[in-house]
Every structure is written in structure tokens, then in C-alpha cells.
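Structural characterization, general
Each chain, written out:
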Amino acid sequence: MRATSLRTLASLAAQRGLSMRRWDFVAAYLQGELEQGELVHCHPPPGYETIGPDGKTRICRVVKPIYGMAQAGRRWQGSLFPWLTSWGFRQSHSDPCVFSCER
């Protein structure tokens, strides 16, 4: 969320006596999905054998986005935004990270 969006929303909420709610998702990046056909590889984590029985260096294939991946945030966004809109939230045109819902 842009800083100007946060300030604007806080100001509007204060003027109208509304409360604001913020969500913090634990392990959010782990909830995304890689795109079909997308192959991502990484070095094995510490403690894993890095040399296989054949003498070749081992690498790991990533099956879910993980922290530190350049595309992890975008994959999480691709999972979250459709879910929010399916529940009736509308995405702001001026800041795509801001959603609103009237009930």
C-alpha cells in the first residue's frame, strides 16, 4: 500500500468515526502457486548433501513460492486478489493494493 493511500484512509476513517482493519498473513508467500510450466531451482538448504552419489552437484526444484524468491510476492498477490474480489471487495483504481467492501 502506498503511504499516501494509508494517510488518506486513516484521515477518512477518523473524520467518519470508522475503524480500520489491517491483515497480516503468517507465511503468506507460501500460499501462492507457481505458474503452470514455471520451473524454479535453488541450492539445497544447509545440512543437505550437495553432492549426489554420482558426484554431480545437487539442486532442488521449488514447487511452491518461498521467501526470498523474486516472484513470491507476485504469486501470493495472484492468489489473494481474486479471492478478495470473489467476496465482494472492490480494488481501488488509484492504488491496486487497496480494497473496499460495503455491507
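Attention here is on the structure that accompanies the text. In this text, all values refer to a predicted model and were calculated from it rather than measured experimentally.

Calculation notes
Residues numbered from 1 in each chain as written. Predicted model: local features only at pLDDT ≥ 70, side-chain atom pairs only at ≥ 80, totals over all residues. Heavy atoms only, no water. Helix = DSSP H or I, 4+ residues; strand = E, 2+ residues; numbered from the N terminus. Expected span 1.5 Å × (residues − 1). Buried < 20%, exposed > 50% of the residue type's maximum accessible area, 1.4 Å probe, protein only. Core = buried A, V, L, I, M, F, W, Y, C linked by side-chain atoms within 4.5 Å. Contact = heavy atoms within 4.5 Å. Patch = residues over 30% accessible without salt bridge, like charges linked within 9 Å, V, L, I, M, F, W, Y side chains within 5 Å. Areas by Shrake-Rupley, 256 points an atom, 1.4 Å probe, with all protein chains shown as cover. Salt bridge = Lys/Arg side-chain N within 4 Å of Asp/Glu carboxyl O. Phe/Tyr/Trp six-rings, centres within 6.5 Å; stacked < 30°, edge-to-face > 60°.

Here's the deal with helix α2 (residues 72–86)
- Its 15 residues give α2 an end-to-end C-alpha distance of 22 Å, which sits within 8% of 21 Å, the value for a rise of 1.5 Å per residue.
- Taken together, the buried positions of α2 are occupied by A72, R75, W76, L80, F81 and L84.

Section: the nonpolar core
- Counting residues in each nonpolar core, the largest one holds six residues, listed as W76, L80, F81, L84, F89 and F99.
- The biggest single contributor to this core is α2, with four residues.
- Residues within four places of F89 in sequence aside, it is in contact with W23, L84, F99, S100, C101 and R103.
- By size, the runner-up hydrophobic cluster in this structure holds five residues, among which are V40, V62, M69 and A72.

A closer look at helix α1 (residues 3–16)
- Taking 1.5 Å of rise per residue, the 14 residues of α1 would be expected to cover 20 Å, and the 20 Å separating its terminal C-alpha atoms lies within 8% of that figure.
- Residue G17 follows α1 closely and has a positive phi angle near 70 degrees.

Notes on a nonpolar patch on the surface
- A cluster of nonpolar residues, M1, L6, L9, L12 and M20, forms a patch on the protein surface that exposes about 440 Å² of accessible area.
- Structurally, L6 can be placed in helix α1.
- For L6, a relative accessible area of 45% puts it in the partly exposed group.

What to know about the packing of aromatic side chains
- For the structure on display, the rule yields two aromatic pairs.
- Taken together, a centroid distance of 4.9 Å and an interplanar angle of 70 degrees make the contact between F81 and F99 edge-to-face. With F81 in helix α2 and F99 in strand β4 (residues 99–100), the pair connects residues that are 18 residues apart, well separated along the chain. For the pair shown, F81 and F99 are each scored as buried.

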